[in-house]
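Structural overview for review
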Amino acid sequence: MKLCIMPDHIHGILFVHEKIDCHLGHVINGFKAGTRKAAREIGIITEAIPQPTKQAQNVSIPLSGVSYAEASPQLKHSPIGTLWEPGYHDRLLLHKNQLAHMLAYLDDNPRRLLLKRQHPEFFSPLGELTFAGVKMQAMGNAALLSHHQMRRLQCSRHLYQQEIDGLQQDFLNEGKAGTLIISPCISPGEQQIATACIKAHIPFIVLLVHGFPPFYKPQPLYLEACAEGRLLLMSPFQWQNEKITNMRQRCLYLNDLAQRICEEANRRKHL
């Protein structure tokens with residue numbers, strides 16, 4: 001097991017090396033019960049008030065290469081006087097390098113929390129912003145919308161690597177000269193150029209194709225840029241767990257929206 005203990009939650013990676021008879025959710029409930037009992041014994045919390053059993057949301061377990069069936073853990077204590085909130089968030093690790101990324105995420109978690117606490121204004125949802133006639137959810141530095149010069153980054157999937165590298169240098173030159181870059185960062189070329197620009201401390205607006213999930217946490221590259229006030233994340237779409245069936249239409253819409261935002265920003269500059 002790998003743990004990272006934070007002020008109000010714990011991140012953990014569990015490894016199972018052999019088949020177990022019970023669902024892993026019961027193992028996690030056992031961990032909760034054991035730590036809750038220990039907390040009561042040393043006086044950290046008081047006895048909970050017994051409550052009627054109720055059903056929790058079905059959950060899956062974050063293990064690599066392990067098959068599982070979903071279960072419904074039973075909750076027998078009220079939140080009053082307990083150590084844990086009901087339920088837990090989990091992820092099944094299936095893909096190459098996913099475990100390494102998750103281990104790095106746990107190790108870097110305290111530093112990310114420090115950045116967020118030092119710059120809370122850039123990590124709180126900004127509510128609904130309206131720009132270029134479109135209402136969008138946002139997080140980051142909203143002042144970037146008043147930037148004097150913007151350029152849309154759109155890069156075809158059919159470009160050769162040499163062409164992408166040339167575009168990247170072009171955007172880096174413009175960004176260092178004071179241009180803000182905006183893009184949904186969808187194609188591999190857009191992602192490469194956006195990464196290079198953000199690492200070069202060029203101000204950037206990212207349009208999120210999936211919207212903002214609950215408790216959204218920016219990826220490490222975005223987090224650094226957010227903390228320094230040089231990134232704004234926006235999306236006109238609501239988060240949904242279901243598969244997006246009109247992805248191509250969304251991508252085309254965001255590319256068009258990026259251009260409209262550039263035109264609106266440049267128009268305001270001349271007012």
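Heads up: the structure comes first, above all this text.
Residues numbered from 1 in each chain as written. Predicted model: local features only at pLDDT ≥ 70, side-chain atom pairs only at ≥ 80, totals over all residues. Heavy atoms only, no water.

**Describing the overall build of the chain**
Looking only at helices and strands, the chain features 6 helices and 10 strands. Here the chain holds 271 residues, and 41% of them are scored as buried. Partitioning the intrachain contacts of the chain with sequence separation of at least 6 by distance along the chain shows that 70% fall at a separation of at least 24. (Helix = DSSP H or I, 4+ residues; strand = E, 2+ residues; numbered from the N terminus. Buried < 20%, exposed > 50% of the residue type's maximum accessible area, 1.4 Å probe, protein only. Contact = heavy atoms within 4.5 Å.)

**Concerning the pairing of strand E1 (residues 2-5)**
In the sheet, E1 pairs with strand E2 (residues 10-13) via 4 bridges, with the strands oriented antiparallel. Bridge pairing in E2 links Cys4 to His11. Here E1 hands over to E2 after 4 residues, the two strands then running antiparallel side by side. (Pairing = 2+ DSSP bridges.)

**Quick look at the side chain of Asn255**
Considering the arrangement of structural elements, one finds Asn255 in helix H6 (residues 247-269). Apart from the residues within four sequence positions on either side, Asn255 is in contact with Arg152, Leu153, Gln154, Pro184 and Glu190.

**Observations regarding the packing of helix H3 (residues 161-176) against helix H4 (residues 188-199)**
Viewed as axis vectors pointing N to C, H3 and H4 meet at an angle of 35 degrees, and their least axial separation amounts to 10 Å. Here H3 runs over H4; the crossing is right-handed. Facing H3, whose interface residues are Gln161, Ile164, Asp165, Leu167, Gln168, Phe171 and Leu172, H4 presents Gly189, Gln192, Ile193, Ala196 and Cys197. Considered class by class, the residues forming the contact of H3 with H4 number 7 nonpolar, 4 polar and 1 charged. (Axes fitted to C-alpha atoms, helices over the stretch in contact; angles between N-to-C directions. Left-handed = near helix turned anticlockwise from the far one by under 90°. Nonpolar A, V, L, I, M, F, W, Y, C, P; charged D, E, K, R; others polar.)

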